[in-house]
Amino acid sequence: MAPASRTPEGEPNRCPLCGNSIVIFPSHPPGDAPCPNCGSLLWWPALDPDGGFQFLVGDGAIYELTATTKIEALATLVELLVENGGLASSIAPVALEALYRREELGSTAIGGGIAIPHARIDEMERVVGVIGHAPQGIDFESPDGAPVTKLFLLLTSKGEVGRYLEALEKIARALRATN
């Protein structure tokens, strides 16, 4: 699994990937905090204790992705949802197919290294999401041509339009806070 979603600011800690000692200092506005040694993303301010992302599966962990293609990344994120209890394994193939179909309509990459793959399927009962970090970058056919390093995957039922839009709004708000 990837690094913890938050390393306490101003406190000594160790990077879970490279093992080197690090200290992350608060920034204003808050933003991503990479390990100064290996560059791995260690902190996203949006994953705060106020429950801003109640729909995230796996305690809001950010998962390090080794995928090299869009298809591999989507499959890995869906697998993580299943492993963490956010998605029944019987629904995983349906969810994956819906995500692929959505990508065929147009890339869910929004530029700046960010993609928000999403789909609505009948079999879902609630909004679930997972965050992936791909430090190597993945070609998602982004409008700016940049490889995607941050993926916010969302799944919900076709009947949960309000909660789905609320989840997208929370992601957008968190992204604005880091810019």
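Predicted model only: the values in this text are computed from it and were never measured.

Scanning the protein chain for helices and strands turns up three helices and 10 strands. Secondary structure elements of the protein chain, listed N to C terminal, follow the sequence β-β-β-β-β-α-α-β-β-β-β-β-α. Looking at the protein chain as a whole, 47% of its 179 residues are labelled buried. Here the analysis covers contacts within the protein chain between residues at least 6 apart in sequence; of these, 61% occur between residues at least 24 apart. Surface accessibility of the protein chain: about 8,800 Å² in total, with carbon and sulfur atoms responsible for 51%.

This brings us to the nonpolar core. One broad trend across soluble globular proteins is that nonpolar side chains are buried collectively. Leu-81, Leu-87, Phe-140, Leu-151, Leu-153 and Leu-155 are the most contacted members of the largest nonpolar core, which has 32 residues in total. The next biggest cluster of nonpolar side chains, apart from the first, holds 12 residues, and it includes Ile-114, Phe-152, Leu-154 and Leu-175.

By the definition in use, this model includes four salt bridges. Note that Lys-70 and Glu-103 form a salt bridge whose closest N and O atoms lie 3.1 Å from each other. Here Glu-103 lies in helix α2 (residues 92-105) and Lys-70 lies in helix α1 (residues 70-83), a separation of 33 residues in the sequence. A residue is classified by how much of its surface remains accessible, and Lys-70, at 10% relative accessible area, is buried. Among the residues examined, Glu-103 registers a relative accessible area of 9% and is labelled buried. One salt bridge connects Glu-97 with Arg-101, and the closest N-O pair in it is separated by 4.0 Å. Of this pair, Glu-97 and Arg-101 both sit in helix α2, four residues apart, which is roughly one turn of the helix. Of the residues examined, Arg-101 reaches a relative accessible area of 45% and is grouped as partly exposed.

We now examine α2. In this model, α2 (14 residues) spans 20 Å end to end at C-alpha, consistent with the 20 Å of a helix rising 1.5 Å per residue. Every buried residue of α2 is listed here: Ala-92, Ala-95, Leu-96, Ala-98, Leu-99, Tyr-100 and Glu-103.

Relative to the helices and strands, Pro-135 is located in strand β9 (residues 128-138). Along the backbone, Pro-135 and Pro-147 are 12 residues apart, and their C-alpha atoms lie at a distance of 9.7 Å. Residues in contact with Pro-135, not counting those within four places in the same chain, are Glu-64, Leu-65 and Thr-149.

About the cut-offs
- Per-chain numbering applies: the sequence of each chain, read as written, is numbered from 1 onward.
- Residue-level local features of this predicted model are given only where pLDDT is at least 70; pairs of side-chain atoms are given and counted only at 80 or more, and the full residue set underlies all totals for whole chains, interfaces and linings.
- Based on all heavy atoms of the structure, the side-chain values leave hydrogens and waters out of the count.
- By the criteria applied, helices consist of DSSP H or I runs no shorter than four residues and strands consist of E runs no shorter than two, each listed in order from the N terminus.
- Per-residue accessibility, obtained with a 1.4 Å probe over protein chains only, is compared with the maximum for each type, and a residue is labelled buried under 20%, exposed over 50%, and partly exposed between these values.
- Residue contacts are defined here by distance: any two heavy atoms, one from each residue, within 4.5 Å place the two residues in contact.
- Note on areas: Shrake-Rupley, 1.4 Å probe, and residue coverage restricted to the protein chains presented here.
- Residues belong to a common nonpolar core when they are buried Ala, Val, Leu, Ile, Met, Phe, Trp, Tyr or Cys residues joined through side-chain atoms within 4.5 Å.
- Salt bridge, as used here: a side-chain nitrogen of Lys or Arg that lies within 4 Å of a carboxyl oxygen of Asp or Glu.
- A helix is expected to span 1.5 Å for every residue after the first.

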